[in-house]
Amino acid sequence: MVDAITEFVVGKIGNYLIEEASMFMAVKEDLEELKTELTCIHGYLKDVEAREREDEVSKEWSKLVLDFAYDVEDVLDTYHLKLEERSQRRGLRRLTNKIGRKMDAYSIVDDIRILKRRILDITRKRETYGIGGLKEPQGGGNTSSLRVRQLRRARSVDQEEVVVGLEDDAKILLEKLLDYEEKNRFIISIFGMGGLGKTALARKLYNSRDVKERFEYRAWTYVSQEYKTGDILMRIIRSLGMTSGEELEKIRKFAEEELEVYLYGLLEGKKYLVVVDDIWEREAWDSLKRALPCNHEGSRVIITTRIKAVAEGVDGRFYAHKLRFLTFEESWELFEQRAFRNIQRKDEDLLKTGKEMVQKCRGLPLCIVVLAGLLSRKTPSEWNDVCNSLWRRLKDDSIHVAPIVFDLSFKELRHESKLCFLYLSIFPEDYEIDLEKLIHLLVAEGFIQGDEEMMMEDVARYYIEELIDRSLLEAVRRERGKVMSCRIHDLLRDVAIKKSKELNFVNVYNDHVSQHSSTTCRREVVHHQFKRYPSEKRKNKRMRSFLYFGELKFLVGLDVETMKLLRVLDLGALRGPFASNGDLIHLRYLRFDGDSLRHFDIAAIISKLRFLQTLDASHLCPIYDTIDLRKLTSLRHVIGRFFGNLLIGDAANLQTLRSISSDSWSKLKHELLINLRDLFIYEMIRSVPVSWASLTKLRSLRVLKLETYGRNLSLELEEAVRSMDVISPSLESVTLVRITFEEDPMPFLQKMPRLEDLILENCDYSGGKMSISEQGFGRLRKLDLLMRSLDELQIEEEAMPNLIELEISVSKRETKLIIPNRLRAFGQIYC
């Protein structure tokens, strides 16, 4: 594990030597020497890591290397901080810079000399105790694009998860769900040990077409061992999709009892399905059941749990279903689907080796898919090595193979993927992880290296998809063929937490206990209650990240000013005093709820964060202040409801801009937004209308959302776009909200060759026919027409050949619809 940290620090030294060459000129040779020594030590660490069992001497030596690597990072980051602080001084204080710079230079020279003595001592200890055998470190320089190309070749195509061995279970439970004779609320409990596929089975039922047609109101929530009833109720309310954004903001402040009443009111008299995933105690269900009406509409609740007493302890009418282990034949079928993707020829010896390993998995699906993910990237000759490694680690048949398989799979990862996997320990149990947020965090932490060919975000996505491909991470939601959210299984999360603790990489606080008690951990994460977070931790000067996942709380005692090496600050719903005098020059990621800092001069704080990459104020509350980002030239993602002026300067790195007013948008130099991929513009009343010509200049734009307050829009009137055969060739998703069309928008929108999602929400088009021709929308997969008024819609027979999701809803009931039967078969049409 330590090898992942050392390789990261070696890369960081290299980056400083290249990007900040003048700053580190005085110690360039010493740094080069440190980098060389640490690179060599990294080779020995790889050998130690490859062993089945580490002896105590190797463990202690690895710990010395880990502490040394972290100290190198601290020295370099602190020196960089001091020089940047001096460069920003003004007036009389600037006169002291020359003397101060000399003192800083002497200081870092001394620090590096001490580090050199320490690394020589570490090397002598390795030689004295005969630790490791040198292995060549993987590559040199920036090889991220090569690695990603290898990942791209190995990664499987977008495919639906196949639930092997649970077909009979799914059939039985589907009959229970759809039983028309059972009019009362009925509960289905799925129970069994971790890794058997309870969640996968529940999700298969939840997403089945029959269930979607039967239950108009569906919701999914998770509970876990550490839970807050209020959080669970809020997740159900959000998942139902019946509540507006403004209303969600209000009820977010409700007490638990008020949320129970509110949810009960939403579901009363309705046929609903609610999935409650991963319940650990009966009290959790007792807290929820009051909010779920016992009506006579045929509603259903699905519960998943590891505990039989919980499954059978629910009151009312229920059916408890125990999941079994897979048979060997089922295990082998599941293994074959994943392990042989890159192997053309399967000889008898390979099959024999595979079956021996599958036999040891004892029918546990999670263990089987992780083993298959590990072997899918091995050549046939390497399968025997994995098999032999398994046998050496198993003392006897009483030891389950699953933890060993998880460990082997982790050790096989590249150092970047190891860091990605360890980072998953920051998220609460059963948490649905937004992939965009995870990518932004990994980039901000400095774990990802891009190059001229690929942006860092793309590289990060491929590393995450490698974890999914290896079954170390589960894809939950996909859009346009891309993973949008994911989840780590509890058993694998335990592995990530254990390894993060050993590396002093992440420290997690929840309501009851800290995962470990170090006061110098690199990353601090608080789940639920901030008030329980010990005061001595709030002034950790070596902290690189602080993240909060919890309910609204007042921020007390988090001394951000002393945490000058922070790269990530995610305050979430914490409210309270937060100040910055501009010293957070390492900060790359700042997230806060739009409401949490409303009483503080957030505009002044943000304007000083010169090297910020991600600004995320994505909660529902708008920001009316003028936000000046003109000095923040490293910005890559700006997310929030910016109702005031948003001033942006050099935006060559900007990829995400959600959302910006049309007034602010009109003042930007659109031709400079060469990397902008995701854009959300809204028009206020009496604001400057959006020119579609300005959007055609965005050659990298993939996702566009345009929201107005009922403005008339004539897409074809603009001279700059009327004559174009192809418009916005990179656009994949377009959402238009509250627009009144003066002519049929479809001929215009059909000029977008890569469009996959099209959503018209609360739009109007009266006085004519909306027509989709056979030549249009060749790639379109999703079409949602949620119209307030529409006289006629005609879709030609061969139009939209790749469409898989269709929803048409028109308030005006006399709308004439001409739609092919093949689309009616799966579409949802309400008129």
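Keep in mind it's a predicted model, so treat the numbers as computed, not measured.

Honestly, the nonpolar core in this entry has me stumped. Any pointers?
Phe-335, Phe-421, Tyr-423, Ile-448 and Phe-505 are the most contacted members of the largest nonpolar core, which has 138 residues in total. The dominant element in this core, judged by the number of residues it contributes, is helix 3 (residues 56–87), at 11 residues. Among the nonpolar cores identified, the runner-up in size contains 83 residues, and Phe-592, Leu-646, Met-746 and Leu-758 belong to it.

Sorry if this is basic, but what is going on with helix 11 (residues 256–267) here?
Residues spaced three or four apart along an α-helix point in a common direction, a consequence of the helix completing one turn every 3.6 residues. Look at helix 11: 17 Å from first C-alpha to last across 12 residues, which is about the 16 Å you get at 1.5 Å a residue. Along helix 11, the residues that are buried comprise Leu-259, Glu-260, Tyr-262, Leu-263, Leu-266 and Leu-267. Taken end-on, helix 11 shows its buried residues confined to a sector of 170 degrees, consistent with a single buried face. When the buried face of helix 11 is taken as reference, the exposed residues oriented beyond 90 degrees from it are Glu-257 and Val-261.

Hey, could you run me through the side chain of Arg-588 in this one?
Among the structural elements, Arg-588 can be located in the loop between strand 14 (574–575) and strand 15 (589–591). By relative accessible area, which is 12% here, Arg-588 ends up buried. Only 3.0 Å separates the side chain of Arg-588 from the backbone oxygen of His-586, close enough to count as a polar contact. Other than its neighbours up to four places away in sequence, Arg-588 contacts Ala-444, Arg-567, Phe-611, Leu-612, Gln-613 and Thr-614.

What is the right way to look at the sheet that holds strand 1 (residues 186–191) in this model?
Paired through their backbone hydrogen bonds, the strands of a sheet run either parallel or antiparallel. The parallel open sheet is built from 5 strands, whose spatial order is 2-3-4-1-5. The strands lining the two open edges of the sheet, one partner per strand, are strand 2 (217–222) and strand 5 (318–322). Between one strand axis and the next, the sheet turns through 15 degrees on average, direction left out of account. In the sheet, strand 3 (residues 272–279) pairs with strand 4 (residues 300–305) via 5 bridges, with the strands oriented parallel. Looking at the pairing, Val-276 lines up with Ile-303 of strand 4.

Honestly, the side chain of Arg-544 in this entry has me stumped. Any pointers?
Assignment of secondary structure puts Arg-544 in the loop between strand 10 (523–527) and strand 11 (545–549). On the basis of relative accessibility, which here comes to 1%, the residue Arg-544 falls in the buried class. In this structure the side chain of Arg-544 is engaged in a polar contact, spanning 2.7 Å, whose partner is the side chain of Asp-74. Look past the residues within four positions of Arg-544 in its chain and what remains in contact with it is Glu-73, Asp-74, Asp-77, Arg-522, Leu-565, Leu-566, Arg-567 and Val-568.

Hey, could you run me through the sheet that holds strand 8 (residues 482–487) in this one?
One open sheet accounts for 3 strands, arranged 6-8-7; its pairing is antiparallel. Here the strands that pair on one side only, and so sit at the sheet edges, are strand 6 (433–434) and strand 7 (474–479). Judged from the 2 bridges that link them, strand 6 and strand 8 form a sheet pairing that is antiparallel. In the sheet register, Asp-434 faces strand 8, and the bridge partner there is Ser-485.

Where do I start with a nonpolar patch on the surface in this structure?
Where nonpolar side chains cluster on the molecular surface, the patch consists of Met-684, Ile-685 and Tyr-709 and spans about 320 Å² of accessible area. Note on placement: Ile-685 falls in the loop between strand 21 (678–682) and helix 25 (692–695). Residue classification places Ile-685 among the exposed positions, given a relative accessible area of 59%.

Before we go on, may I ask you to explain the pattern of salt bridges in this structure?
Where charged atoms of side chains with opposite charge meet at close range, the side chains can pair. Within this structure, the stated rule accounts for 56 salt bridges. A salt bridge links Lys-28 to Glu-32, with the shortest nitrogen-to-oxygen separation between them at 3.9 Å. One end of the pair is Lys-28 and the other is Glu-32, both in helix 2 (residues 28–50) and 4 residues apart, which spans about a single turn. For Lys-28, a relative accessible area of 38% gives the class partly exposed. Look at Glu-32 and you get partly exposed, because its relative accessible area is 33%. Among the salt bridges present, the one from Asp-407 reaches Lys-499, with a minimum N-O distance of 2.7 Å. Remark: Lys-499 occurs in helix 22 (residues 490–502) and Asp-407 occurs in helix 18 (residues 402–411); sequence separation between them is 92 residues. For Asp-407, a relative accessible area of 16% translates into the label buried.

Quick question: what am I supposed to make of the pairing of strand 24 (residues 733–737) here?
The side chains of a regular strand alternate, residue by residue, between the two faces of the sheet. Within strand 24, 5 of the 5 residues are buried, which leaves the element mostly enclosed by the surrounding structure. A two-sided burial pattern is seen for strand 24, the buried positions comprising Ser-733, Thr-735 and Val-737 on one face and Val-734 and Leu-736 on the other. In terms of strand pairing, strand 22 (residues 703–707) meets strand 24 through 5 bridges, oriented parallel. Its bridge partner being in strand 24, Leu-706 is matched across the sheet by Leu-736. Across 5 bridges, the pairing between strand 24 and strand 26 (residues 757–772) is parallel. Of the residues in strand 26, the one forming a bridge with Leu-736 is Leu-760.

What am I meant to see in the confidence of the model for the chain here?
Caution applies to low-pLDDT parts of the model: their predicted coordinates are not meant to be read in detail. In the predicted model, the chain carries a mean pLDDT of 83, and 85% of its residues have values of at least 70. Across the chain, the secondary-structure element scoring lowest on mean pLDDT is helix 5 (residues 144–154), at 47, and the one scoring highest is helix 20 (residues 435–445), at 96.

Sorry, what's going on with unusual backbone geometry here?
Residues apart from glycine generally show negative phi values, whereas peptide bonds are mostly found in trans. Each neighbour pair has its own omega, and for Arg-658 with Ser-659 the value is -5 degrees, a cis peptide bond. Here Ser-659 lies in strand 20 (residues 656–661). A positive phi angle, near 70 degrees, is found at Ser-224, a position not held by glycine. A relative accessible area of 0% means that Ser-224 is categorised as buried.

How do you make sense of helix 1 (residues 2–19) when you look at a structure like this?
A rise of 1.5 Å per residue sets the reference length of helix 1, with its 18 residues, at 26 Å; its end C-alpha atoms lie 26 Å apart and thus fit the reference within 8%. Among the 18 residues in helix 1, 14 count as buried, and that is most of the element.

How do you make sense of the packing of aromatic side chains when you look at a structure like this?
Aromatic rings considered in pairs are described by the distance between their centres and by the relative angle of their planes. Applying the stated criterion across every chain yields a total of 17 aromatic pairs. Note on Trp-332 and Phe-335: the rings are 5.3 Å apart at their centroids and 25 degrees apart in plane angle, and the pair reads as stacked. Of this pair, Trp-332 and Phe-335 both sit in helix 14 (residues 328–339), 3 residues apart, which is roughly one turn of that helix. Under the relative-accessibility criterion, Phe-335 is labelled buried at 0%. Here Phe-410 and Phe-421 contribute two aromatic rings whose centre-to-centre distance is 5.6 Å and whose plane-to-plane angle is 50 degrees, an arrangement assigned as tilted. Placement of Phe-410 in helix 18 and of Phe-421 in helix 19 (residues 415–423) is noted, with a sequence separation of 11 residues between them. Overall, the relative accessible area of 1% leaves Phe-410 in the buried class. Judged by relative accessible area, which is 1%, Phe-421 ranks as buried.

Sorry, what's going on with the packing of helix 19 against helix 21 (residues 456–469) here?
Angle between the axes and distance between the axes: these two values describe a pair of packed helices. Contact pair helix 19 / helix 21: the axes reach a minimum separation of 10 Å and the direction vectors enclose 75 degrees. Comparing the axis directions of helix 19 and helix 21 gives the class roughly perpendicular. In this structure, helix 19 contributes Glu-416, Ser-417, Cys-420 and Phe-421 to the contact, and helix 21 contributes Tyr-463, Glu-466 and Leu-467. Each residue belonging to the contact of helix 19 with helix 21 can be placed in one class, and the counts come to 4 nonpolar, 1 polar and 2 charged.

So, how was this worked out
- Along each chain, the written sequence defines residue order, and numbers are assigned to residues from 1.
- Whole-chain, interface and lining totals are the exception, using all residues; otherwise, since this is a predicted model, local features are given only for residues with pLDDT of at least 70 and side-chain atom pairs are given and counted only at 80 or more.
- Neither water nor hydrogens contribute to the side-chain values; these are computed over all heavy atoms in the structure.
- By convention a nonpolar core is built from buried Ala, Val, Leu, Ile, Met, Phe, Trp, Tyr and Cys residues, the set being connected through side-chain atoms within 4.5 Å.
- Exposure classes here rest on a 1.4 Å probe applied to the protein chains alone. A residue is buried below 20% of its type maximum, exposed above 50%, and partly exposed in between.
- The helix and strand labels rest on DSSP assignments: H or I over at least four residues marks a helix, E over at least two residues marks a strand, and numbering proceeds from the N terminus.
- Given the number of residues in a helix, its expected span is that number minus one, multiplied by 1.5 Å.
- Read the arc as the range of directions from the helix axis to the C-beta atoms.
- Here a polar contact is recorded for every N or O atom pair within 3.5 Å, except that within protein the pair must consist of a potential hydrogen donor and a potential acceptor, and residues adjacent in sequence are included only if both atoms are side-chain atoms.
- Residues are treated as being in contact if the distance between any of their heavy atoms lies within 4.5 Å.
- A pair of strands counts as paired when DSSP detects no fewer than two bridges linking them.
- Only C-alpha atoms enter the line fits that serve as axes; for helices the fit covers just the stretch in contact. Angles between N-to-C directions range over 0 to 180 degrees.
- Patch construction takes residues with relative accessible area above 30% that form no salt bridge. Like charges are linked within 9 Å, and nonpolar side chains (Val, Leu, Ile, Met, Phe, Trp, Tyr) are linked within 5 Å.
- Per-residue and other accessible areas were derived by the Shrake-Rupley procedure at a 1.4 Å probe size, with only the shown protein chains allowed to occlude residues.
- One side-chain nitrogen of Lys or Arg within 4 Å of one carboxyl oxygen of Asp or Glu is enough to make a salt bridge.
- pLDDT measures the predictor's confidence residue by residue and takes values from 0 up to 100.
- Here is the rule: rings of Phe, Tyr and Trp (six-membered ring for Trp) pair when centre to centre is within 6.5 Å. Planes less than 30 degrees apart are stacked, more than 60 are edge-to-face, and the remainder are tilted.
- Angular relationships are summarised with four words: roughly parallel below 35 degrees, roughly antiparallel beyond 145, roughly perpendicular across 65 to 115, and oblique for the angles in between.
- In this classification, the charged set is Asp, Glu, Lys and Arg, the nonpolar set is Ala, Val, Leu, Ile, Met, Phe, Trp, Tyr, Cys and Pro, and all remaining amino acids, among them Gly, are polar.

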